[in-house]
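A closer look at the structure
So the chains spell out like this:
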Amino acid sequence: AQSVTQLGSHVSVSEGALVLLRCNYSSSVPPYLFWYVQYPNQGLQLLLKYTSAATLVKGINGFEAEFKKSETSFHLTKPSAHMSDAAEYFCAVSDDNDMRFGAGTRLTVKP
Amino acid sequence: ETGVTQTPRHLVMGMTNKKSLKCEQHLGHNAMYWYKQSAKKPLELMFVYSLEERVENNSVPSRFSPECPNSSHLFLHLHTLQPEDSALYLCASSQVGGGDYNEQFFGPGTRLTVL
């Protein structure tokens, strides 16, 4: 069965600092991997997805993620945090039939 | 309307009330989902409908009753709820099979408060 683990339920960074949100996956087949963002009282919005093309995936709002098969990881990064990045971030793994979400990481950005 | 819409956005109900949540997707997808999101808890998958047939319900209490009359509409009927059922209820849709990666598109959610 496939699953994802997000390390750190809460990450705090200063404005302008690097953002790194960690995600490790477990899958018996080549995975499709996703990062979603959720702002308060809203639904989940897709940030980016890995579908076995390029291992470095660029998404919206300056975020990117790198698929590393040897580490079973798909960490999300952004070089410089902005106040508007404060939100909850979910990693997810999917095959053709099922999608599983991580527990989420809440990102706080300090001025 | 585009994407996935949900109504109402906010709902307050008593434990003896009966209410329904509505979800509509305008993406031509063949699968729809209900999730429950409570504070400080992971997303909980409640129900999955694929090609209008329920394929998963994850042992959800019977006070939650889903209905999927067609591939574009999904309802969640609520009756005799408990205060612990207060949460954000999210609807999502996707295209399963056909190599579309099962990417799910979410609605904005209904914030439910049970008094």
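Located above this text is the structure these notes cover.
Residues numbered from 1 in each chain as written. Chains lettered and ligands numbered in written order. Predicted model: local features only at pLDDT ≥ 70, side-chain atom pairs only at ≥ 80, totals over all residues. Heavy atoms only, no water.

Turning our attention to the nonpolar core. One finds Trp35, Leu47, Leu48, Phe74, Leu76 and Tyr89 of chain A to be the most contacted residues of the largest nonpolar core, which totals 27 residues. Put simply, the parts of the chain that give this core at least two residues each are β2 (10-14), β3 (19-26), β4 (32-38), β5 (44-50), β7 (64-68), β8 (73-78), β9 (87-94) and β11 (105-110) of chain A. Setting aside its immediate chain neighbours within four residues, Leu48 of chain A contacts Leu33, Phe34, Trp35, Val57, Lys58, Gly59, Phe63, Glu64, Ala65, Phe74 and Leu76 of chain A. Membership of the second largest hydrophobic core comes to 22 residues, among which are Met13, Cys23, Phe64 and Leu74 of chain B. (Core = buried A, V, L, I, M, F, W, Y, C linked by side-chain atoms within 4.5 Å. Buried < 20%, exposed > 50% of the residue type's maximum accessible area, 1.4 Å probe, protein only. Helix = DSSP H or I, 4+ residues; strand = E, 2+ residues; numbered from the N terminus. Contact = heavy atoms within 4.5 Å.)

The next thing to look at is the interface of chain B and chain A. Taken residue by residue, the interface counts 18 residues in chain B and 20 residues in chain A. Summing both partners gives a buried area of about 1,600 Å² for chain B against chain A, and 52% of it is carried by carbon and sulfur. Lys49 of chain A is paired through a salt bridge with Glu103 of chain B; the nearest N and O atoms lie 2.6 Å apart. On inspection of chain B and its partner chain A, the count reaches 6 residue pairs in polar contact (both at pLDDT 80 or more). Listing elements by their share of the side of chain B that touches chain A, those giving two or more residues are β4 (31-37) and β9 (87-94) of chain B. Looking at the side of chain B that touches chain A residue by residue, the classes come out as 9 nonpolar, 6 polar and 3 charged. (Buried area = accessible area lost by both parts, 1.4 Å probe. Salt bridge = Lys/Arg side-chain N within 4 Å of Asp/Glu carboxyl O. Polar contact = N/O pair within 3.5 Å; in protein donor to acceptor, adjacent residues only side chain to side chain. Nonpolar A, V, L, I, M, F, W, Y, C, P; charged D, E, K, R; others polar.)

Turning our attention to the side chain of Gln37 of chain B. Looking at where Gln37 of chain B falls in the secondary structure, it is placed in strand β4. For Gln37 of chain B, the side chain forms a polar contact with the side chain of Gln38 of chain A, separated by 2.7 Å. When residues no more than four places from it in sequence are discounted, the contact partners of Gln37 of chain B are Gln38 and Phe90 of chain A together with Leu43, Ala87, Leu88 and Leu90 of chain B.

We now examine the state of the cysteines. The full count for this structure, using the stated rule, is 2 disulfides over all chains. Covalently, Cys23 of chain A is tied to Cys91 of chain A through a disulfide, its sulfur atoms 2.0 Å apart. Every disulfide takes its handedness from the sign of the S-S torsion; for Cys23 of chain A and Cys91 of chain A that torsion is -65 degrees, giving left-handed. Taken together, the residues span a long stretch of sequence, with Cys23 of chain A in strand β3 and Cys91 of chain A in strand β9 at a distance of 68 residues. With a relative accessible area of 0%, Cys91 of chain A lands in the buried category. Across the disulfide, Cys23 of chain B is cross-linked to Cys91 of chain B (sulfur-sulfur distance 1.9 Å). Disulfide Cys23 of chain B-Cys91 of chain B: the torsion about the S-S bond is -75 degrees, which places it as left-handed. One end of the pair, Cys23 of chain B, is in strand β3 (residues 18-25); the other, Cys91 of chain B, is in strand β9, with 68 residues separating them in the sequence. (Disulfide = S-S within 2.5 Å.)

No statement about biological role is implied by the geometric values presented.
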